[in-house]
Amino acid sequence: VAGGFVFKEDSKLNDMVDEDGITLTQRKNNLCRRMRLEKRKREVDLEEKNASHTESLHADHAVSSPATVAPGIRSPAAEADAAEALLGLMRESSGSGNSSL
């Protein structure tokens, strides 16, 4: 028993599987995904807390804080800007005779 699961070798899959037929690799991937999501959620919560604290300190100066986004996650506006820049590059390359894009 490892981590609440009983694993055995599966020669067909060349991997370890548990009693439910789930591979050790898939269990690891699911755990890592849940950990990443939790870490991002905590980072966003911390950023929001810091932003609200900053806003309360600057409320009398009428300073608006930009939307906070966790590191590694772009805001919708940044995504739109990146998409527009990519489209522009694609248009430029197709206009110059480069058909690779």
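Residues numbered from 1 in each chain as written. Predicted model: local features only at pLDDT ≥ 70, side-chain atom pairs only at ≥ 80, totals over all residues. Heavy atoms only, no water.

1. Regarding the overall build of the chain
For the chain, the helix and strand inventory stands at two helices and two strands. Start at the N end of the chain and walk to the C end: the helices and strands fall as β-β-α-α. Within the chain, buried positions represent 9% of all 101 residues. Looking at the chain alone, contacts between residues at least 24 apart form 12% of all its contacts between residues at least 6 apart. Summed over its atoms, the accessible surface of the chain is roughly 8,300 Å², and 56% of this surface lies on carbon and sulfur atoms. (Helix = DSSP H or I, 4+ residues; strand = E, 2+ residues; numbered from the N terminus. Buried < 20%, exposed > 50% of the residue type's maximum accessible area, 1.4 Å probe, protein only. Contact = heavy atoms within 4.5 Å. Areas by Shrake-Rupley, 256 points an atom, 1.4 Å probe, with all protein chains shown as cover.)

2. A word on a nonpolar patch on the surface
A surface patch of nonpolar side chains, about 350 Å² in accessible area, is lined by Leu86, Leu87, Leu89 and Met90. Looking at the secondary structure, you find Leu87 in helix α2 (residues 76-95). Since its relative accessible area comes to 39%, Leu87 is described here as partly exposed. (Patch = residues over 30% accessible without salt bridge, like charges linked within 9 Å, V, L, I, M, F, W, Y side chains within 5 Å. Salt bridge = Lys/Arg side-chain N within 4 Å of Asp/Glu carboxyl O.)

3. Digging into a positive patch on the surface
Where like charges cluster on the molecular surface, the positive patch consists of Arg33, Arg34, Arg36 and Arg40. Within the secondary structure, Arg34 is located in helix α1 (residues 24-57). (Lys, Arg positive; Asp, Glu negative; His and termini not counted. Charge placed at Lys NZ, Arg CZ, Asp CG, Glu CD.)

4. Quick word on the confidence of the model for the chain
Taken as a whole, the chain shows an average pLDDT of 76; of its residues, 67% reach a score of 70 or greater. A low-confidence stretch, residues 97-101 (pLDDT under 50), is modelled with three contacts involving residues beyond four sequence positions or located in other chains. (pLDDT = per-residue confidence, 0-100.)

5. Comments concerning the pattern of salt bridges
All chains considered together, the criterion is met by four salt bridges. Across the salt bridge formed by Arg27 and Asp20, the nearest N and O atoms sit 3.5 Å from each other. With relative accessibility at 61%, the residue Asp20 sits in the exposed group. Here Asp45 ties to Lys41 by a salt bridge, and the two come within 3.6 Å at their closest N and O atoms.

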